[in-house]
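Below, each chain spelled out in residue letters.
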Amino acid sequence: MASKIVKIGFVGTGGIAQAHINRLVEIPEAKIVALCDIDAARVKTVADPLGAAVYTDGAKMLADVKLDALYVCVPPHAHGEIEVRAAQKGIHIFVEKPVNLFLDKAKQAWKEIKKNGVLTQSGYSLRYTAGGVQLKKFLEDKTIATANVIRWSGLPGTPWWRKYDQAGGQLVEMTTHQVDLIRWVMGDVDAVSASYSFGRVFKDQPEVTVPDSQAALLIFKSGASATVNTACALGKGWGGGTDFVIKDAKVVFKAEGCQIVPEDAYKLPAPPLETPSIDAAFVRAIASDQPTLLRSPYDDALKSAAVTLACNKSAEQGGKLVKLDDFLGEL
């Protein structure tokens, strides 16, 4: 099928939406035609240079404007209704991660997506990095013993991010990228156990209700394990990384290209010279009817979200082991 122009709308025009917009304007098949945000001044500022229609009501935008695709770039707790409305209208959907803070709403969205046959992509961009592609190829025939994730950073200034009931904590909202990466190369998670620290570092900031730090153990259906340590108490900057242990070596993930330690243990395949951005893949999958370009569809992204939400449940229950099949149920 010949490529076509993909007419795109946005719900949410904050920082992550603007990052997507900056990439989309460079893609010939993409045309941004409408933007929506409850912040009327912000949406107008973002929309005017694009010549896009401005809305403060997402349902009205979907009713007024003929869209091929919709980007949903709202806080975790605000997902759900707009995805359902878009799917029912046959609009392809890009949903920023995490796809939802509430599993019942996410599963309802997935039901409508599946029923209406729309294409979906989520914001797990590590799957589109040169290092991510290289890592996946290298590890596909290896036995992974374990993986370790560390992500330490500071508190974002965004008010909703600091609220546990709106963002879900750093593991759900940020470190979900690393959890998704290890899921991509290690397969489905069987069970999790987690322990969180609340109110120790930020005891003088009562508006902060997310955990100071979070530690989780992931047990995979393969029998492998992974540990995740994440904290938002670092202040400026950030530190950490994602490592995988295989026989006689460690693989260090880097977005631009991975490393082997010791370097003579294995020969890594070369990272691809070019890999499409997550936005280019989404637009071109729609324009040329090639769903195989989509590496992070909604149902798979829902599984990554479920892992982190199961960790929240475990921590709330004093570290009790939570089985993912029971927690997530049928999709």
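This write-up is about the structure you can find in this document. (Residues numbered from 1 in each chain as written. Predicted model: local features only at pLDDT ≥ 70, side-chain atom pairs only at ≥ 80, totals over all residues. Heavy atoms only, no water.)

## Overview of the packing of helix α6 (residues 130–139) against helix α9 (residues 176–186)
Helices that pack against each other are described as a pair by the angle of their axes relative to one another and the distance between those axes.
Point 1. It is at 9 Å that the axes of α6 and α9 come closest, and there the two elements cross at 30°. At the point where α6 passes α9, the crossing takes the right-handed sense. Contact residues: Gly132, Val133, Leu135, Lys136 and Leu139 in α6; Leu181, Trp184 and Val185 in α9.
Point 2. Here the contact of α6 with α9 is composed, by residue class, of six nonpolar, one polar and one charged. (Axes fitted to C-alpha atoms, helices over the stretch in contact; angles between N-to-C directions. Helix = DSSP H or I, 4+ residues; strand = E, 2+ residues; numbered from the N terminus. Left-handed = near helix turned anticlockwise from the far one by under 90°. Contact = heavy atoms within 4.5 Å. Nonpolar A, V, L, I, M, F, W, Y, C, P; charged D, E, K, R; others polar.)

## Some thoughts on the sheet that holds strand β12 (residues 249–252)
Point 1. A sheet is described by the order of its strands in space; here eight strands give the open sequence β13-β12-β11-β7-β10-β9-β8-β14, paired in mixed fashion. With partners counted over all chains shown, the strands left at the sheet margins are β13 (259–261) and β14 (322–323), one partner each.
Point 2. The pairing of strand β7 (residues 146–152) with strand β11 (residues 239–246) spans seven bridges and is antiparallel. Bridging across to β11, valine 149 finds its partner in threonine 242.
Point 3. Of the strands in this sheet, β11, β12 and β13 touch α6, which is tilted by about 20° from β11. (Pairing = 2+ DSSP bridges.)

## Some words on the pairing of strand β10 (residues 225–231)
Each regular strand displays side chains that alternate between the two surfaces of the sheet.
Point 1. Relative to β10, β7 runs parallel, the two sharing seven bridges. Along β10, the bridge assignment pairs alanine 147 with alanine 226.
Point 2. When strand β9 (residues 213–220) meets β10, the two strands line up antiparallel, connected through seven bridges. Each residue of the ladder has a partner; that of serine 213, found in β10, is alanine 231.
Point 3. With antiparallel pairing between neighbouring strands as the criterion, β9 and β10 make up a hairpin whose turn holds four residues, including glycine 223 at a positive phi of roughly 100°.

## Comments concerning the pattern of salt bridges
Pairing of side chains with opposite charge becomes possible as their charged atoms draw close.
Point 1. Within the structure shown, the criterion is met by 19 salt bridges.
Point 2. Glutamate 173 serves as the salt-bridge partner of lysine 97, at 3.3 Å between the closest nitrogen and oxygen. With lysine 97 in the loop between β5 (92–95) and α5 (103–116) and glutamate 173 in helix α8 (residues 170–173), the pair connects residues that are 76 residues apart, well separated along the chain.
Point 3. The partner of arginine 183 in a salt bridge is aspartate 188, and the shortest N-O contact between them spans 3.4 Å.
Point 4. Accessibility expressed as a relative area gives 5% for arginine 183, which makes it buried.
Point 5. Take aspartate 188: its relative accessible area is 33%, and that puts it in the partly exposed class.
Point 6. Here the salt bridges do not stand alone but share partners, grouping Arg127, Asp180, Arg183, Asp188 and Asp300 into one network. (Salt bridge = Lys/Arg side-chain N within 4 Å of Asp/Glu carboxyl O. Buried < 20%, exposed > 50% of the residue type's maximum accessible area, 1.4 Å probe, protein only.)

## Thoughts on the nonpolar core
Point 1. Core analysis: the biggest nonpolar cluster contains 74 residues, and Met61, Leu70, Leu218 and Phe244 have the highest contact counts within it.
Point 2. Top element by residues in this core is helix α11 (residues 298–316). It accounts for ten residues.
Point 3. Those residues in contact with phenylalanine 244, other than ones at most four positions away along the chain, are Leu135, Leu139, Ile144, Thr146, Ala147, Ile182, Val185, Met186, Ala249, Lys250, Val251 and Phe253.
Point 4. By size, the runner-up hydrophobic cluster in this structure holds 29 residues, among which are Ile27, Val46, Tyr71 and Tyr128. (Core = buried A, V, L, I, M, F, W, Y, C linked by side-chain atoms within 4.5 Å.)

## Description of helix α1 (residues 15–24)
Point 1. Considered for burial, the residues of α1 that qualify are Ala17, His20, Ile21 and Leu24. Take α1 and look down its axis: the buried residues cluster within an arc of 100°, on one side only. Seen from the open side of α1, the exposed residues pointing more than 90 degrees away from its buried face are Gly15 and Asn22.
Point 2. The elements touched by buried residues of α1 are β1 (6–11), β2 (30–36), α2 (40–47), β4 (69–72), β5 and α10 (278–287). (Arc of directions from axis to C-beta.)

## Concerning a positive patch on the surface
Point 1. Side chains of Lys7, Lys31, Lys66 and Lys89 sit close together on the surface and give a patch of like positive charge.
Point 2. Among the structural elements, lysine 7 can be located in strand β1. (Patch = residues over 30% accessible without salt bridge, like charges linked within 9 Å, V, L, I, M, F, W, Y side chains within 5 Å. Areas by Shrake-Rupley, 256 points an atom, 1.4 Å probe, with all protein chains shown as cover. Lys, Arg positive; Asp, Glu negative; His and termini not counted. Charge placed at Lys NZ, Arg CZ, Asp CG, Glu CD.)

## Overview of the sheet that holds β4
Point 1. As summarised here, the arrangement of the six strands in space is β3-β2-β1-β4-β5-β6, forming an open sheet in which the pairing is parallel. Of all strands in the sheet, those bounded by a partner on one side alone are β3 (53–55) and β6 (120–122). For this sheet the average axis-to-axis angle between neighbouring strands, irrespective of direction, equals 20°.
Point 2. Bridge analysis of β5 against β6 gives three bridges, and the strand direction is parallel. Across the sheet, valine 95 pairs through a bridge with serine 122, a residue of β6.
Point 3. Set on the sheet, α10 makes contact with β1, β2, β4, β5 and β6; between it and β5 the angle comes to about 170°.

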